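Structural characterization, general
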Amino acid sequence: MIKKQRVQSVDFLRGLTIMLMILVNTPGDWSYVYTPLLHAEWNGLTLADFVFPFFLFIVGISISFVYKHKKADSTIYKKILIRSLKLIALGLFINVFLPYFPFIETESIRLPGVLQRIGIIFCIASILYLNCNRKQLIFIAVTILVGYWIWLAYIPLPDGISPTLERGSNNWANYLDYVLLKGHIWKPDYDPEGILSTLPAIVTTITGIFVGEVLVSTAKRKLVLLAIMGGSFMIIGYLWNIFFPINKVLWSSSFVLVTSGYATMFLVLFHYFMDHKKHDFGNLVKYVGANAIIIYFSSMILAKSFYLIKIDSQTSVHQFLFETFFVHPSIDKPLSSFFYALVVVGFYTLLAYFLYKKKIFIKV
């Protein structure tokens, strides 16, 4: 999405999010990763847990920019549907891809995924934005968050089993994934991009829509308004955490509000310096944001290939590169693992720079 007039802070936050996503996804050794770069075991919040909600939040901002003056008609719906299907197809391709014959995984294919969720939510949020006013969107968002909490915490499972918010089959989100997607989810008992948890994730994108509306408005004190919005999200989210814990896997209602609050606050900071004060910095980061989806897709395909292609019967390309060039007796293993991830981020940053300079913008 490259236009003459751009909100630099949004481009920067998008690029930063993708870079952090690659950093989190490609350590040298998964046994040696700094805690902030690992997702929370269940309840809680780490640096890694901010990545996906931040990206969905930015999707919402982009929706408000692109469709603000669009008329809801068959042409627009067709474009939205096609883009959504492309994202879903790319996500499924990542899951089934093999870097050797027969090139397609035929057993235990994981159906959910990051791009699949982005595609579904983009479609739903775009249609809602085109057909609902602000009050209606707020009503939908609140209904989803409260309804999701009631569903998970208070509605009995089949056979009268009391629901829990813990990991396992007595959790509604996990139960539905296990029953409907059995054998095709990330873990035997749950998937972080599962069916039911997609509902509150829609609200993450809706919060981005609200923020995007303010960004393009003519309000004189938009930064103050955004700060109030972000602070309100965080306060309500942390209070809700007492009853409905912050949890990325469940994409709990408190998780939605807290992460959207942080995303808004970071955007306020970047917007002040980059768009208000007109300081020009972070161009490399913005280049990554200019081709965000293709950079993410490429990183996942290459990383999967490096793990699956073997140099010998025991050693993968990934392991060979890590142990040959990054492991040293004088360097702690976690630091070596972190350096490997940084180099990978650097590689894709250079790729983004090349694409930008060649004016190659691959849209999905």
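Residues numbered from 1 in each chain as written. Predicted model: local features only at pLDDT ≥ 70, side-chain atom pairs only at ≥ 80, totals over all residues. Heavy atoms only, no water.

Concerning the overall build of the chain
Scanning the chain from terminus to terminus reveals 13 helices and 0 strands. In the chain, the succession of α and β elements from N to C terminus is α-α-α-α-α-α-α-α-α-α-α-α-α. A compact globule built from 364 residues would reach a C-alpha radius of gyration of about 21 Å, and the chain, at 21 Å, matches this within 12%. Projecting the C-alpha coordinates of the chain onto the three principal axes gives extents of approximately 60 × 60 × 45 Å. A burial count over the chain gives 50% of its 364 residues as buried. For the chain, restricting intrachain contacts to residue pairs at least 6 apart in sequence, the fraction spanning at least 24 positions comes to 72%. Accessible area of the chain: about 18,100 Å², with a carbon and sulfur share of 66%. A distance of 18 Å separates the average location of the 32 positive side-chain charges in the chain from that of its 19 negative side-chain charges. (Helix = DSSP H or I, 4+ residues; strand = E, 2+ residues; numbered from the N terminus. Rg over C-alpha atoms; globule rule 2.2 N^0.38 Å. Buried < 20%, exposed > 50% of the residue type's maximum accessible area, 1.4 Å probe, protein only. Contact = heavy atoms within 4.5 Å. Areas by Shrake-Rupley, 256 points an atom, 1.4 Å probe, with all protein chains shown as cover. Lys, Arg positive; Asp, Glu negative; His and termini not counted. Charge placed at Lys NZ, Arg CZ, Asp CG, Glu CD.)

Side note on the layout of surface pockets
Empty space within the largest pocket amounts to approximately 1,500 Å³. Around the largest pocket, the lining comprises 43 residues; the ones closest to its centre are Asn25, Trp30, Arg110, Trp186 and Met300. Sorting the residues of the lining of the largest pocket by element identifies α1 (8-25), α2 (51-66), α3 (74-96), α4 (114-131) and α11 (292-308) as the ones contributing at least two each. Looking at the lining of the largest pocket, the element that brings in the most residues is α11, giving 7 residues. Partitioned by chemical class, the residues of the lining of the largest pocket number 24 nonpolar, 10 polar and 9 charged. (1 Å grid on protein atoms, 1.4 Å probe; cavity = no way out; pocket = protein on both sides within 12 Å on 5 of 7 lines; lining within 4 Å. Points joined across faces, edges and corners; volume = space filled by probe spheres on them. Nonpolar A, V, L, I, M, F, W, Y, C, P; charged D, E, K, R; others polar.)

Some points on empty space enclosed by the protein
For the structure on display, the rule yields 1 cavity of 30 Å³ or more. Taken as a whole, the largest cavity encloses approximately 50 Å³ of empty space. In this structure, the largest cavity is lined by Leu23, Pro27, Tyr32, Val33, Tyr34, Leu37, Pro334, Ser337, Phe338 and Ala341. The element contributing the most residues to the lining of the largest cavity is helix α13 (residues 333-357), with 4 residues. Split into classes, the residues belonging to the lining of the largest cavity amount to 9 nonpolar, 1 polar and no charged.

Here's the deal with α4
Taking 1.5 Å per residue, 18 residues should reach 26 Å; α4 reaches 26 Å between its end C-alpha atoms and fits that length. In terms of burial, α4 is a largely internal element, 14 of the 18 residues being buried. (Expected span 1.5 Å × (residues − 1).)

As for the packing of aromatic side chains
One pass over the structure, following the stated rule, counts 27 aromatic pairs. Aromatic pair Trp149 and Trp240: ring centres 5.6 Å apart, planes at 85°, arrangement edge-to-face. Here Trp240 lies in helix α8 (residues 222-240) and Trp149 lies in helix α5 (residues 134-154), a separation of 91 residues in the sequence. Taking the centre distance of 5.5 Å and the plane angle of 80° together, the rings of Tyr356 and Phe361 count as edge-to-face. A residue is classified by how much of its surface remains accessible, and Tyr356, at 29% relative accessible area, is partly exposed. Assessed through its relative accessible area of 26%, Phe361 is described here as partly exposed. An aromatic cluster is present here, built from Phe12, Phe50, Phe54, Tyr262, Phe266, Phe270 and Phe281 joined pairwise through their rings. (Phe/Tyr/Trp six-rings, centres within 6.5 Å; stacked < 30°, edge-to-face > 60°.)

Quick notes on the nonpolar core
With 103 residues, the main nonpolar core has Ile18, Ile118 and Ile295 as its most contacted residues. Residues within four places of Ile295 in sequence aside, it is in contact with Ile18, Ile22, Val288, Tyr348, Leu351, Ala352 and Leu355. (Core = buried A, V, L, I, M, F, W, Y, C linked by side-chain atoms within 4.5 Å.)

Describing the packing of α2 against α4
Interaxial distance between α2 and α4 falls to 10 Å at its minimum, and their mutual angle equals 35°. The crossing of α2 and α4 is right-handed. In this structure, α2 uses Phe52, Phe55, Leu56, Val59, Ile63 and Ser64 to contact α4, whose residues at the interface are Val114, Arg117, Ile118, Ile121, Phe122, Ala125, Ser126 and Tyr129. Split into classes, the residues belonging to the contact of α2 with α4 amount to 11 nonpolar, 2 polar and 1 charged. (Axes fitted to C-alpha atoms, helices over the stretch in contact; angles between N-to-C directions. Left-handed = near helix turned anticlockwise from the far one by under 90°.)

Quick notes on α3
Under the 1.5 Å per step criterion, the end-to-end length of α3 is 32 Å for 23 residues, consistent within 8% with the ideal 33 Å. Turning to α3, the residues buried within the fold contact α4 and α11. The N-cap residue of α3 is Asp73: its side-chain oxygen and the backbone nitrogen of Thr75 are 3.2 Å apart. (Polar contact = N/O pair within 3.5 Å; in protein donor to acceptor, adjacent residues only side chain to side chain.)

That is the geometry; function is a separate question.
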